[in-house]
Amino acid sequence: MQVENERRSGGMAASLARVDRPCKSTHRSDSTHRSDVANTCETGVPARHLKGRGNPPRTPCRSVNRTFVCERRPCVNGNRAWARRLVDGNHLALDVPNGVASDLSDRRRRRRHCPVDQSTSRPVAHRDPLERRHGGVFPWDNGRWDNGRRPSSDAIGKTAAPTDGRQNTLSLKVNTQDAVVRSPDSECKIATMYTETAGSRKTLGDVDVIYHDGIYHLFHLVLPNHDFVAHAVSNNCFDWRRVENALFLGDPGSWDDSMLWTVHVTPHPHRTGAWRMFYTGLSRRDHGLKQRIGMAESDDLYRWRKAPVSWQDRRTTLPYQLPGRPPQPPFDYDPESCFPLSPDRKYYEAEADEGRHLVSWRDPFFYNENGKGWLLAAGRVNTGPIVRRGCVGVMEETKPNHFEVRPPLHHPGLYDDVEVPNLIKLDGDYYLIGSMREDAKIRYWHTETLEKPWRTYADNVLLAGGNYAGRVCQDDQGLLLWSFFTPSGLDRMTHNLMPPPKRLFRSEAGQLRVKSFEGFEAQIKGPADVSHLSCLKDLLPGNYQRINENAMHLECESGFQAFAFDSDFESFRMRASLEMLNEGKCGLVFRVDRESHDGYYVSLDLFKGVAQLRAWGSGPAGSGEEMMQFRTLQAGYWEPESRGKVDLQLLVYGSYIELSLGHRVLLSLADQTFHRGALGFCVESAQLRVTDLRVCHFSPPLQTDQHLANG
């Protein structure tokens, strides 16, 4: 599968029955901060700041919400003493000389430099960038004090008043989802989801996961260059460690010397204990206009060998000698090889002068049943409206490691491409899963037998918009659905993340569904006190009544009212049953500021089955109409089993947000607008009954830097 604005095309379909077969944007993302941390030298200076003139990105990330506590400490042997440690599980403590902080003007914050030696005008690599030296400033992320407000002008540059009885102590808000904790023995970083290094404009691409001997192996693309396939491992699907890269571009003259696209790793059906990786390649020879599929083999999942290919290096001979150059061509040539695989023009678009003038033949997926193997691919039929030709193509394995093209497996007649296809058999039925570029959603089709046509349900969306390139893997508990999430909408070239997987299952009616990953149970820290609720909006009417230990009644006759628990929440899981007692509106609120009421709002229509998540906040004071900040982050739909009633689960883990309704994941996304605040329920001209309420805290997502996703 590839991104929307990249050149690609191809076709892929045919009934198995018939064949028996750094971002350049103006605002930095949190992933950019993650890159700074992951590429930091021992002194704390981001490595990319030490290259050239050491200029950092123009604009710091806007998301801030955790607290650094800075204390004055004496000098040791004439040097500044620095220490960082965790405080109360959430706060990070670090020593700052003299306990002084200076505000940064807007322009200064946009152009923040690392320390400079005034005599040489070069970056000082051996000094901590937080050290206040040579007129340096404390680079906190938004110039905010612990109460969330900007310091007054008369406080700038002065020692802050003690907050805990100690001398010269101040609190500064910093986004600890990207923060570093240093100690003499280790360095840790908050990390909620797998992502790539963003300092060099890299981002995560299509993913493929295979489970083997208790370990999850993740293979993924790295955008935008597509020049290698990365490999990471985990034993719990939360903490990932990058290991040896799996595959690289071919040498110039090879069939895959331009780009590498989506891969699929499977056990080798003809060699016990071995593995095969099918992957998409592009060639410089045809300017990347034709996609092809190749294969690599491995005995251990770490070291991969590309299969021999029947490919001619058509470059002209050099007019001079190159002593010491390795033998040519720069790949293993076998005239009997079927690789690289290309579409057959009898069934598919096969040449760049057809259709969109881009040949689609990518995103391989190997399916094996009853000793027969088929390789699926994203292709395009060669007739019909050009932007409706997307199909699932098929190649049959007629002998070991030899494939022949067959007719399409399925052509919906609606989409430009059916990307990243998956074929599974669950409880006797076949399911075909694909991703659609049109709305960035993962959909599926089903059939009882491969002799019958593929059909769809009225609700055939597996994951809401923003979740893309779904891949299925089998572990010891069943089927898992993986994907990457794009917070930037239809632009899947920046800031991609891989959230925790979802457990795939089949409903009683035969529909394919996903539910929350059971691995979250191991992240629970303990139960939360939810014995009391109070009105968040004091000036508006609201009535709260606790009926018994397991039930409460919330009511607001006119206007909007939110009822929040007494304590604030950061990472948590809330389960409850809701019942509307009249025709009003209800929903959830979380990470809401109790003063400004900025935070996340979930609107729930328990009658029609609609859920919408919004980030609702305030812009800079005096900004007029722009002061109101409102974004709909994601929406989902379900069919209520009982009118006005629903069982729900809201799971918030770092920047990951997941809402399940009726035991089905409906919303799944990442957002870093708000980090901590009030949690509760909201009603508008409604009466709501809440029962079976259970809330627990999650341990904050924390892992050492040697296990960071960006390696």
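In the block above lies the structure referred to throughout.
Scoring rules and cut-offs
- Sequence order sets the numbering: in each chain, residues are counted from 1 along the sequence as written.
- With pLDDT at 70 or above as the cut-off, local features in this predicted model cover only qualifying residues; side-chain atom pairs require 80 or more to be listed or tallied, and sums for whole chains, interfaces and linings still use all residues.
- Side-chain numbers here rest on the full set of heavy atoms in the structure, without hydrogens or water.
- What goes into a patch is any residue over 30% in relative accessible area without a salt bridge, connected to like charges within 9 Å or, for nonpolar side chains (Val, Leu, Ile, Met, Phe, Trp, Tyr), within 5 Å.
- Only the protein chains shown count as covering a residue, and every accessible area follows the Shrake-Rupley method with a 1.4 Å probe.
- The term salt bridge refers to a side-chain nitrogen of Lys or Arg lying within 4 Å of a carboxyl oxygen of Asp or Glu.
- Working convention for charge: Lys and Arg count positive, Asp and Glu count negative, and His plus the chain ends are omitted.
- The location of each charge is read from NZ of Lys, CZ of Arg, CG of Asp or CD of Glu.
- Helical segments are the DSSP runs of H or I of at least four residues, strand segments are the runs of E of at least two, and each set is numbered from the N terminus.
- Using a 1.4 Å probe on the protein chains alone, a residue whose accessible area is under 20% of its type maximum counts as buried, one over 50% counts as exposed, and one in between counts as partly exposed.
- Note on pairing: two strands pair once DSSP finds at least 2 bridges between them.
- All axes are obtained by fitting lines to C-alpha atoms, using only the stretch in contact for helices, and the reported angles, taken between N-to-C directions, cover 0 to 180 degrees.
- Any N or O atom pair separated by 3.5 Å or less is treated as a polar contact, with the protein-specific requirement of one donor-capable and one acceptor-capable atom, and with residues adjacent in sequence counted only for side-chain atom pairs.

**Q** So what exactly am I meant to see when it comes to a negative patch on the surface here?
**A** On the surface, Glu 508, Glu 639, Glu 641, Asp 647 and Asp 692 cluster together into a patch of negative charge. Residue position: Glu 508 is located in the loop between β30 (502–506) and β31 (512–516). On the basis of relative accessibility, which here comes to 87%, the residue Glu 508 falls in the exposed class.

**Q** Please clarify how the pairing of strand β12 (residues 228–234) should be interpreted in this entry.
**A** Every regular strand shows the same layout, with side chains that alternate between the two sheet faces. Here β12 lies mainly inside the structure; seven of its seven residues are buried. Of the two faces of β12, the one carrying Phe 228, Ala 230, Ala 232 and Ser 234 and the one carrying Val 229, His 231 and Val 233 are both buried. In this sheet, β12 lies alongside strand β11 (residues 215–223) in antiparallel orientation, the contact comprising six bridges. Following the sheet pairing, Leu 218 is matched in β12 by Ala 232. Following β11, the chain reverses through four residues before pairing antiparallel with β12; His 226 in that reversal takes a positive phi of roughly 55 degrees. As judged from the two bridges shared by β12 and strand β14 (residues 247–248), these two strands associate in the antiparallel manner. Each bridged residue has a counterpart across the sheet, and for Phe 228 the counterpart in β14 is Phe 248. In terms of strand pairing, β12 meets strand β13 (residues 241–242) through two bridges, oriented antiparallel. What sits directly across from Ala 232, in β13, is Arg 242. Here β12 hands over to β13 after six residues, with Cys 237 in that stretch at a positive phi of 70 degrees.

**Q** Is there a simple way to think about the pattern of salt bridges in this case?
**A** Once their charged atoms are close, side chains differing in charge can pair, the charge on each being opposite to the other. In the structure shown here, the tally under the stated rule is 37 salt bridges. Between Arg 380 and Glu 349 there is a salt bridge, and its shortest N-O distance comes to 2.8 Å. Here Arg 380 is found in strand β20 (residues 372–380), whereas its partner Glu 349 is found in the loop between β18 (304–306) and β19 (362–369), with 31 residues between them in sequence. Of the two residues, Arg 380 and Glu 349, neither departs from the other in class, the shared state being buried. Of the charged contacts, one joins Asp 568 and Arg 594 as a salt bridge, the two residues approaching to 2.8 Å between their closest N and O atoms. Of this pair, Asp 568 sits in the loop between β35 (551–565) and β36 (572–580) while Arg 594 is found in the loop between β37 (585–592) and β38 (599–605), placing the two residues 26 residues apart along the sequence. With relative accessibility at 33%, the residue Arg 594 sits in the partly exposed group. The network of salt bridges with shared partners includes Glu 349, Arg 356, Arg 362, Asp 363, Arg 380, Arg 389, Asp 416, Asp 417, Glu 419 and Arg 437.

**Q** Help me understand the sheet that holds β19, please; the structure alone is not making it clear to me.
**A** Hydrogen bonds along the backbone pair up the strands of a sheet, which may run parallel or antiparallel. Taken in spatial order, the four strands line up as β19-β20-β21-β22 in an open sheet, and their pairing is antiparallel. At either margin of the open sheet sits one strand with a lone partner, and together these are β19 and β22 (402–410). For this sheet, the mean angle separating the axes of adjacent strands, direction not counted, is 30 degrees. Sheet analysis places β19 next to β20, joined by six bridges and oriented antiparallel. Looking at β20, one finds that Asn 368 is bridged to Gly 373.

**Q** For this particular structure, what's the right way to read the side chain of Thr 262?
**A** Checked against the element boundaries, Thr 262 lands in strand β15 (residues 259–267). Of the residues examined, Thr 262 reaches a relative accessible area of 1% and is grouped as buried. At 2.5 Å, the side chain of Thr 262 and the side chain of Asp 206 are in polar contact. Of note is the side chain of Thr 262, whose polar atom sits 2.9 Å from the side chain of Asp 363.

**Q** I'm lost on the sheet that holds strand β24 (residues 429–436) in this one. Help?
**A** Spatial ordering of the open sheet is given by β23-β24-β25-β26, a layout of four strands whose pairing is antiparallel. Across the chains shown, the open sheet's two edge strands, defined by having one partner strand only, are β23 (419–426) and β26 (461–463). Across the sheet, the mean angle from the axis of one strand to that of its neighbour is 30 degrees, orientation sign disregarded. The pairing of strand β25 (residues 441–447) with β26 spans two bridges and is antiparallel. Paired with Ile 442 across the two strands is Leu 463, which belongs to β26.

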